[in-house]
Amino acid sequence: MLEQVSEKAADWLISKGAAKKEDRDIYVYGLELSFSTLFSVFLILVLAIVFSDILYGILFLLCMFTIRFFCGGYHATTYLNCCLCSNSLFLASLGITLFTPEWLVLPLTLGICVISGLYVFIKTPIENDNNPMTEKKLKRNRRISRTIISVQSTLIVLGAFLLPQFASYTYMASLATGVVAILMLVAKLQKRRKEVKA
């Protein structure tokens, strides 16, 4: 269904002169990716509202999606699997946030933030075999993702200490950072397994 909607949207763009006919496949792919991402974002925000507070959804999206584009990591094989994976990770993070005993929130926030922040900083970016990067793009992505993770981790740590009344929000941000690190680790392990089999 997503492919059909994207094809119709690409054909409409071509009919209006906004896109070239020879670039149709590129537009279809880009539209599929955009619609899939928007749908995932929408679902995460709806789930956040239904189960708790929209701010949890916004924090998760900001802390995970802003850096994922540059640092790479695990990518699902289909748009449906991507949507299911993203939403499952959000629900798991939300559940952990809501059900962690209050006395554990600060140490877990700091521990997860520091460990995952360091992992992302050291290992970024993870290349995807389907989308190899030039050396220039690797350096650029490394610089950008290191900047983002440094700022993000600093804000989480400062928020944890300076805004204790918002501890659950800094905890969610820390968990989202942890999700990024886990997705990078999964991609790294998958790549290693492929190399061993080859």
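Everything below is about the structure printed above this text.
Residues numbered from 1 in each chain as written. Predicted model: local features only at pLDDT ≥ 70, side-chain atom pairs only at ≥ 80, totals over all residues. Heavy atoms only, no water.

Caption draft 1: Fine view of the nonpolar core. The biggest cluster of nonpolar side chains holds 28 residues, and the ones touching the most others in it are Phe60, Phe90, Val120, Met172 and Val180. By residue number, the principal contributor to this core is helix α7 (residues 167–197), which donates ten residues. (Core = buried A, V, L, I, M, F, W, Y, C linked by side-chain atoms within 4.5 Å. Buried < 20%, exposed > 50% of the residue type's maximum accessible area, 1.4 Å probe, protein only. Helix = DSSP H or I, 4+ residues; strand = E, 2+ residues; numbered from the N terminus.)

Caption draft 2: Structural detail: the packing of aromatic side chains. Within this structure, the stated rule accounts for four aromatic pairs. With a centroid separation of 5.0 Å and an interplanar angle of 90°, the aromatic rings of Phe69 and Phe70 are classed as edge-to-face. Through successive ring pairs, a cluster of aromatic residues spans Tyr56, Phe166 and Tyr169. In this arrangement the basic side chain of Arg146 is found over the ring face of Phe121, its NZ or CZ atom lying 4.7 Å from the centre. (Phe/Tyr/Trp six-rings, centres within 6.5 Å; stacked < 30°, edge-to-face > 60°. Lys NZ or Arg CZ within 6 Å of the ring centre and 35° of its normal.)

Caption draft 3: Up close: helix α1 (residues 2–15). Helix length check: α1, at 14 residues, gives a terminal C-alpha distance of 20 Å against a target of 20 Å (1.5 Å per residue), a fit within 8%. In the segment just after α1, Gly17 is the residue with positive phi, at about 80°. (Expected span 1.5 Å × (residues − 1).)

Caption draft 4: Region of the structure containing the packing of helix α5 (residues 102–123) against α7. One can describe the packing of α5 onto α7 by two numbers: an axis separation of 8 Å at closest approach and a directional angle of 35°. Seen along the crossing, α5 lies across α7 with a hand that is left-handed. On α7, the residues that touch Val105, Leu108, Thr109, Ile112, Cys113, Ser116, Gly117, Tyr119, Val120 and Lys123 of α5 are Ala167, Thr170, Tyr171, Ser174, Leu175, Thr177, Gly178, Val180, Ala181, Met184, Leu185 and Lys188. (Axes fitted to C-alpha atoms, helices over the stretch in contact; angles between N-to-C directions. Left-handed = near helix turned anticlockwise from the far one by under 90°. Contact = heavy atoms within 4.5 Å.)

Caption draft 5: The arrangement of the side chain of Ser145 in detail. Turning to its location among the elements, Ser145 is positioned in helix α6 (residues 135–162). Judged by relative accessible area, Ser145 falls into the buried class, the value being 0%. Aside from chain neighbours lying at most four places away, what touches Ser145 is Ile67, Phe70, Cys71 and Thr124.

Caption draft 6: Molecular detail of the packing of α1 against helix α2 (residues 24–51). Close contact between α1 and α2 brings their axes to 8 Å; oriented N to C, the two are set at 125°. Relative to α2, α1 is oriented oblique. Crossing of α1 over α2 shows right-handed handedness. Along the contact surface, α1 presents Leu2, Glu3, Val5, Ser6, Glu7, Ala9, Ala10, Asp11, Leu13 and Ile14, while α2 presents Arg24, Tyr27, Val28, Leu31, Glu32, Phe35 and Ser36. Residue classes in the contact of α1 with α2 are distributed as ten nonpolar, two polar and five charged. (Parallel < 35°, antiparallel > 145°, perpendicular 65-115°, else oblique. Nonpolar A, V, L, I, M, F, W, Y, C, P; charged D, E, K, R; others polar.)

Caption draft 7: Representation of the state of the cysteines within the structure. The final tally for this structure, using the stated rule, is zero disulfides. Cys82 takes part in no disulfide bond, and the closest cysteine sulfur to it belongs to Cys85, at a distance of 6.9 Å. For Cys82, a relative accessible area of 32% corresponds to the partly exposed category. (Disulfide = S-S within 2.5 Å.)

Caption draft 8: How the structure looks around unusual backbone geometry. The residue after Thr124, namely Pro125, is reached through a cis peptide bond having omega -10°. For Pro125, the position within the fold is in the loop between α5 and α6.

Everything listed here is a matter of geometry and, on its own, says nothing about what the molecule does.
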